[in-house]
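Reading the structure
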Amino acid sequence: MFNDRLTKLTASETKTLHFFYYSSFFKRCSLLVVFLSLSLFLVAQKGLSIESTFHFGAVTKHSPELTFDVKGPTIGADVNFKFQTLGGKKWQQWRNFPQFGITAAWFRFGNTSILGNAFTICPNITTTLFERIKWKGHFQVGTGIAYLTKKYNPVSNPENNAIGSSITASMLMKFYVARQINSKLKFHAGLSLNHFSNGGSRLPNYGLNVPALMLSLNYSPEPLQEADFVFHKKSKKAIRRFGIDLHSGAGLVQRFSIGGPRYPIYFVAFGGNYYLNQQNRIIAGFEYEQNKAIFEFVLHTNHSETESDAKKKASRLTFFVGDEFLFGNWSMTLSAGIYLGNFSFLRAGVFYTKFSTRYYFPSKGILDQKLFLSFSLKTHFSVAEYFGFGGGINF
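Residues numbered from 1 in each chain as written. Predicted model: local features only at pLDDT ≥ 70, side-chain atom pairs only at ≥ 80, totals over all residues. Heavy atoms only, no water.

Details of helix α4 (residues 292-300)
Considered for burial, the residues of α4 that qualify are A293, I294, F295 and V298. The N-cap of α4, judged by a side-chain oxygen 3.0 Å from the amide nitrogen of A293 a few residues on, is N291. Positive backbone phi, at 65°, marks N302, one or two positions downstream of α4. (Buried < 20%, exposed > 50% of the residue type's maximum accessible area, 1.4 Å probe, protein only. Helix = DSSP H or I, 4+ residues; strand = E, 2+ residues; numbered from the N terminus. Polar contact = N/O pair within 3.5 Å; in protein donor to acceptor, adjacent residues only side chain to side chain.)

With respect to the pairing of strand β5 (residues 135-148)
Bridge count between strand β4 (residues 117-131) and β5: eleven bridges; the pairing is antiparallel. When the bridges of β5 are listed, A118 appears paired with L148. Between the antiparallel neighbours β4 and β5 lie three residues. Taken together, the 13 bridges between β5 and strand β6 (residues 167-180) define a ladder with antiparallel strand orientation. Looking across to β6, one finds that K136 is bridged to A178. (Pairing = 2+ DSSP bridges.)

Some words on the sheet that holds strand β1 (residues 48-57)
The antiparallel closed barrel is built from eight strands, whose spatial order is β1-β2-β3-β4-β5-β6-β7-β8. Averaged over all pairs of adjacent strands, the angle between their axes in this sheet comes to 25°, without regard to strand direction. Bridging between β1 and strand β2 (residues 74-84) involves ten bridges; their strand directions are antiparallel. Paired with F56 across the strands is I75, a residue of β2. (Axes fitted to C-alpha atoms, helices over the stretch in contact; angles between N-to-C directions.)

Section: the sheet that holds strand β15 (residues 370-380)
Within the closed barrel, the eight strands sit side by side as β9-β10-β11-β12-β13-β14-β15-β16. Their pairing is antiparallel. For this sheet, the mean angle separating the axes of adjacent strands, direction not counted, is 25°. The pairing of strand β10 (residues 262-277) with strand β11 (residues 280-291) spans twelve bridges and is classified as antiparallel. Counted as the bridge partner of F267 is E289 from β11. Most of the contacts of α4 go to β11, to which it runs at about 25°, and overall it touches β10 and β11. (Contact = heavy atoms within 4.5 Å.)

Examining the packing of aromatic side chains
With the rule as written, the count across this model stands at 18 aromatic pairs. Geometrically, the ring pair formed by F97 and F231 is edge-to-face, given 5.5 Å between the ring centres and 80° between the ring planes. Of this pair, F97 sits in the loop between α2 (90-94) and β3 (99-108) while F231 is found in the loop between β8 (208-219) and β9 (242-254), placing the two residues 134 residues apart along the sequence. What makes F231 partly exposed here is its relative accessible area of 48%. In textbook terms, an aromatic cluster arises when at least three aromatic residues are bridged by ring pairs, as seen for W91, F100, F327 and W330. One residue, R95, lies across the ring of F327, its end atom 4.8 Å from the ring centre. The ring centre of F295 lies 4.9 Å from the NZ or CZ of K292, which sits over that ring. (Phe/Tyr/Trp six-rings, centres within 6.5 Å; stacked < 30°, edge-to-face > 60°. Lys NZ or Arg CZ within 6 Å of the ring centre and 35° of its normal.)

In structure tokens form, the structure reads like this:
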């Protein structure tokens, strides 16, 4: 009797409260994005275009710990409203006039009864990799928020140990070539990768990775001419070669038990910059982490007899190297690091990677010091450890 009632309550909660609340929220957000974007297109402003893409791929079992079966392909569709930069700022020309976009996407995973569907809204940027007479190569990347219709439930959906929450972060990447069909229409073909994860804030969280083939069409109501672009004569050559970078922040993780408490991870990093040019710099340095989940675990399992020893075992020291790509006041950084020492308890491997994005406030005063806010995702290969929010200064 008790199990029957528990099953009904759990199933009802999953299918009604969460579904209708979040589904309604995402539908409203999607309608708002479509309405605003279509309003812009109605006035036919130059530099605006709409891009529709079809994805055909499959969920990959990137960890042996994943318990579900992949049954059939994953299909998806997205609509991306893109805004072409025209060189109003020097960095836009230096970056070969990138496009900013807002994507609304839907995916149906292969094992629908366990993995369900995903709806996501994702701001993105598209850059040009190469140009030929008839073809252009592009790279698109973006991060956003997603709603997944199926998540882990110990009673109604125990096989889905990839996703522990309905609301997750999403990341998209596309590598594709474009062919101009006529003055207003382009054809795209290439590869896409979509990732869904809550960064370990709710267990389980192995995440979902969906590599896919993609085909798309891009429509521009007002085609651009060369005269529409602004070209600057100033070189992007580095004004200086070296700098210093200070960065700190925190993330929130759930560790060891599903449904258990969540603990913060604090981090602080000190690094040096080497400017390749005004739009690209190498960052290398040291990062220190304090994992409160590990701290509590070693204290309560008698792996440490004192708090000082527990703090030592819950700490991590790393050396990292990264490449920061600057887009005006905004940047993206890809970095990789290695753990130092053997004092860390329950360390996940030797290497890690981190993707981060920053917003730099305009510098003021005599010193060229730039304060920034940051959002980062730390992973061990294809499994996310945490999302981090922070800030710092670069000088």
